[in-house]
Amino acid sequence: MITKLNRSFRLLSAGAALSLLMVAAPAAFAETPKDTLVEGFAIDDIISMDPGEAFELSTAEVTSNTYSLLVRLDMNDTSKIKGDLADSWTVSDDGLTYTFKLKPGLKFASGNPITAEDVAWSFERAVKLDKSPAFILTQFGLTGGNVTEKAKAVDPTTFTFTVDKPYAPSFVLNCLTATVASVVDKKLVMDHVKSVTVDADHKYDNDFGNDWLKTNYAGSGAYKLREWRANEVVVMERNDNYYGEKAKLNRVIYRYMKESSAQRLALEAGDIDIARNLEPGDLDAVSKNADLATTNAPKSTVYYVSLNNKNENLKKPEVQEAFKYLVDYDAIGSTLIKGIGEIHQTFLPTGQLGALNDNPYKLDVAKAKELLAKAGLPNGFSVTMDVRNTQPVTGIAESMQQTLAQAGVKMEIIPGDGKQTLTKYRARTHDMYIGQWGSDYFDPNSNADTFTSNPDNSDAGTVKTLAWRNTWEAPELDKETKAALLERDAAKRAAMYEDVQKKFLANSPFVIIFQQIEVAGYRKSLKDFKLGPSFDTNYVGPISK
């Protein structure tokens, strides 16, 4: 039966194959097809598959497996960068121009050749689209008006990138590992460009293929995107045009499964190969199953609660500090995040340059009441929190609801899926929001910048950092963060970030709770399954059965 089903899989469309798998698996066999990896994963945060627009954790994992970059993080030494499409690179003596030489004979999944023109247009496209992740590139002085001069093809295999300041080269190169720097197939995307009318919302007369790429694919990674159905499934198929070592399996399917218990049961039954969102109890159960195994990896991801300064009560510094004393960190650490996270109260995750491991706050209702009274709110107030329907954030929100109530603060939980809560958060229409932030690149500036920088606090602001989303301005912290970018001495740079974090802890609308330890349960028949140090380094190409 398994052999026949495997043969059928190669003949069926992705959607039909998935349907057959879902229907037939429980009754017909105790394992998934030999050429297919099936993961249970909470992928409800996916909004778009366009690498110039997508800024969600689940999408980044798909993008990192389906698109190529100039450079990537070296998985054997995360303090180093290695070439992806780039064979080599040099930095000019003045520290402003980076010149990349591409590897020879590269092809997109479509069969089109990969040239420096594709790289240059990918940069231009991301900057002119000006979606959420664009700031990773525009922070180097790129604008719609100068990007074609600052990021350009010198010849078919040579690409140059000119930045506005002599930054530490490691910072620049780390930024180019972000998914917004993915190289897209210019010829293919141009075939699907839509004309638009230039107006207040559109600076250019076309959409750069954004509407098409939301659900389609134009990359060159180890896998190619075959299908995405929101809150249901992502299907990837091996890209035989990939320049590197070919993926071991023909197909990877991410099945949307929200509940940890459902993932565990599916894993035990053989309906999935990997369970990605296990809560502590289910993780423990998996670890005791002789047919299964578990793995984990510290992630550069922190979970936090943010307070929108548009709310006059939440804007008060005393209220912000009071909320930091109204989290039961000990209880959360020993139950809700046991085995999947560690209490961590600063924005730089352990493992990155300059990270502080100080956790000065603990549950102290009396101290919180004192601060609320100082803010003129001795009887508390009412507030709402937008919460994604998944653990552990729902559990943490419920815990905070109880501890806030002890100080007279009535908090209403507004549940929603990932897309709903993110959309509202990005529109700055929330009171409180609980979520996670994963570094866009493995450099301290990724987190330091988004938590402190807000150059235009208006609703029309285009640099939509976490500080902007919460209507918070911290110009002095931002100034210190920017200065750290130009410090090439690692020890001095680390000290600067430590100082910023101490000031941030004392005065900010962010209650940072823990750093993620990503865990997964998997069937022992899998080989070479590993979790990476960041949300975009979980590579599925090496996995086999």
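Residues numbered from 1 in each chain as written. Predicted model: local features only at pLDDT ≥ 70, side-chain atom pairs only at ≥ 80, totals over all residues. Heavy atoms only, no water.

Glancing now at unusual backbone geometry. Here the bond from Gln391 into Pro392 is cis, since omega is 5°, no more than 30 degrees from zero. Assignment of secondary structure puts Pro392 in the loop between β14 (382–388) and α15 (393–405). Non-glycine residue Phe208 carries a positive phi angle of around 55°. Located in the positive-phi region is Asp528, a residue other than glycine, with phi close to 65°. Here Asp528 shows up in the segment after β17 (510–523). (Helix = DSSP H or I, 4+ residues; strand = E, 2+ residues; numbered from the N terminus.)

Orientation of helix α19 (residues 475–484) relative to helix α20 (residues 490–506), taken along the N-to-C sense of each, is 165°, at an axis distance of 9 Å. When the axis of α19 is compared with that of α20, the two are roughly antiparallel. As α19 runs across α20, the sense of the crossing is left-handed. Between α19, through Leu477, Glu480, Thr481, Ala483 and Ala484, and α20, the contact on the second element is made entirely by Arg493, Met496, Tyr497, Asp499, Val500, Lys503 and Phe504. (Axes fitted to C-alpha atoms, helices over the stretch in contact; angles between N-to-C directions. Parallel < 35°, antiparallel > 145°, perpendicular 65-115°, else oblique. Left-handed = near helix turned anticlockwise from the far one by under 90°. Contact = heavy atoms within 4.5 Å.)

Phe100, Phe159, Phe161 and Phe451 are the most contacted members of the largest nonpolar core, which totals 63 residues. Setting aside anything within four residues of it in sequence, one finds Phe161 in contact with Leu96, Thr97, Tyr98, Phe100, Phe123, Phe140, Leu142, Lys150, Ala151, Val172 and Leu176. Core analysis: the next-biggest nonpolar cluster, separate from the first, contains 54 residues, Phe323, Ile337, Val387 and Val511 among them. (Core = buried A, V, L, I, M, F, W, Y, C linked by side-chain atoms within 4.5 Å. Buried < 20%, exposed > 50% of the residue type's maximum accessible area, 1.4 Å probe, protein only.)

All right, on to the side chain of Arg493 then. Positionally, Arg493 belongs in helix α20. Taking relative accessible area as the criterion, Arg493 reaches 4% and is therefore assigned buried. Engagement of the side chain of Arg493 in a polar contact is seen with the backbone oxygen of Ala484, the distance being 3.0 Å. (Polar contact = N/O pair within 3.5 Å; in protein donor to acceptor, adjacent residues only side chain to side chain.)

Taken together, the four strands give an open sheet; going across it, the order is β4-β5-β7-β6, and neighbouring strands pair in antiparallel fashion. Each edge of the open sheet carries a strand with a single partner, namely β4 (86–91) and β6 (151–155). Looking at each pair of strands side by side, their axes are set apart by 25° on average, direction ignored. Bridge analysis of strand β5 (residues 97–102) against strand β7 (residues 158–162) gives five bridges, and the strand direction is antiparallel. Counted as the bridge partner of Thr99 is Thr160 from β7. In the packing of helix α4 (residues 116–129) onto the sheet, the strands contacted are β5, β6 and β7, and the crossing angle to β6 comes to about 170°. (Pairing = 2+ DSSP bridges.)

So, about the packing of aromatic side chains. As enumerated under the stated definition, the model contains 30 aromatic pairs in all. Ring geometry for Phe323 and Phe381: centres 6.2 Å apart, planes at 10°, overall stacked. Remark: Phe381 occurs in the loop between α14 (365–374) and β14 and Phe323 occurs in helix α12 (residues 317–324); sequence separation between them is 58 residues. Classification of Phe381 as buried rests on a relative accessible area of 9%. Pairwise contacts between aromatic rings join Trp89, Phe100, Phe123, Phe140, Phe159, Phe161, Tyr167, Phe171 and Tyr441 into one cluster. Sitting over the ring of Trp468, Arg428 keeps its end group 4.2 Å from the ring centre. (Phe/Tyr/Trp six-rings, centres within 6.5 Å; stacked < 30°, edge-to-face > 60°. Lys NZ or Arg CZ within 6 Å of the ring centre and 35° of its normal.)

Counted according to the given criterion, the structure contains seven cavities of 30 Å³ or more. The volume enclosed by the largest cavity comes to roughly 470 Å³. Together, 27 residues line the largest cavity, and Arg276, Asn277, Tyr303, Gln436 and Gln516 are the ones closest to its centre. Residue assignment for the lining of the largest cavity shows that the elements contributing at least two residues are α3 (57–66), β12 (292–307) and β17. At five residues, the largest contribution of residues to the lining of the largest cavity is made by β17. (1 Å grid on protein atoms, 1.4 Å probe; cavity = no way out; pocket = protein on both sides within 12 Å on 5 of 7 lines; lining within 4 Å. Points joined across faces, edges and corners; volume = space filled by probe spheres on them.)

Moving on: the environment of Lys224. As for its placement among the helices and strands, Lys224 is situated in strand β8 (residues 223–229). Sequence spacing of Lys224 and Thr350 is 126 residues, and the spatial spacing of their C-alpha atoms is 33 Å. Leave out the neighbours within four places in its chain, and Lys224 touches Thr66, Ala109, Tyr217, Val235, Met236, Glu237, Arg238 and Asn239.

In contact at an axis separation of 9 Å, helix α17 (residues 444–452) and α19 are set at 160° when each is read in the N-to-C sense. Judged on the interaxial angle alone, α19 and α17 are roughly antiparallel. When you trace α17 past α19, the crossing you get is left-handed. Contact with α17, carried on its side by Asn445, Ala448, Asp449 and Thr452, involves Leu477, Asp478, Thr481 and Lys482 of α19 and no other residues of that element.

To continue, consider the pairing of strand β16 (residues 432–438). Taking burial as the measure, the seven residues of β16 include six buried ones, the bulk of the element. In terms of strand pairing, β12 meets β16 through seven bridges, oriented antiparallel. By the bridge assignment, Val305 is partnered in β16 with Ile434. Sheet topology note: the β14/β16 ladder contains two bridges and is parallel. Its bridge partner being in β16, Met385 is matched across the sheet by Met432.

Time to look at the confidence of the model for the protein chain. Low pLDDT means the predicted coordinates in that region are not meant to be read closely. Summarising the model, the protein chain shows a mean pLDDT of 93, and 94% of its residues fall at 70 or more. When the criterion is pLDDT under 50, residues 1–17 qualifies, and its contacts beyond four places in sequence or with other chains add up to 28 contacts. Considering only residues more than four positions removed or in separate chains, one finds that residues 22–29, a stretch of pLDDT under 50, has ten contacts. (pLDDT = per-residue confidence, 0-100.)

Our focus in this paragraph is the pattern of salt bridges. Counting across every chain of the model gives 34 salt bridges. The residue Lys80 makes a salt bridge to Asp77 at a minimum N-O spacing of 3.7 Å. A relative accessible area of 27% places Asp77 in the partly exposed class. In the salt-bridge network here, residues are joined through shared partners; they are Glu39, Glu61, Arg276, Lys299 and Glu518. (Salt bridge = Lys/Arg side-chain N within 4 Å of Asp/Glu carboxyl O.)

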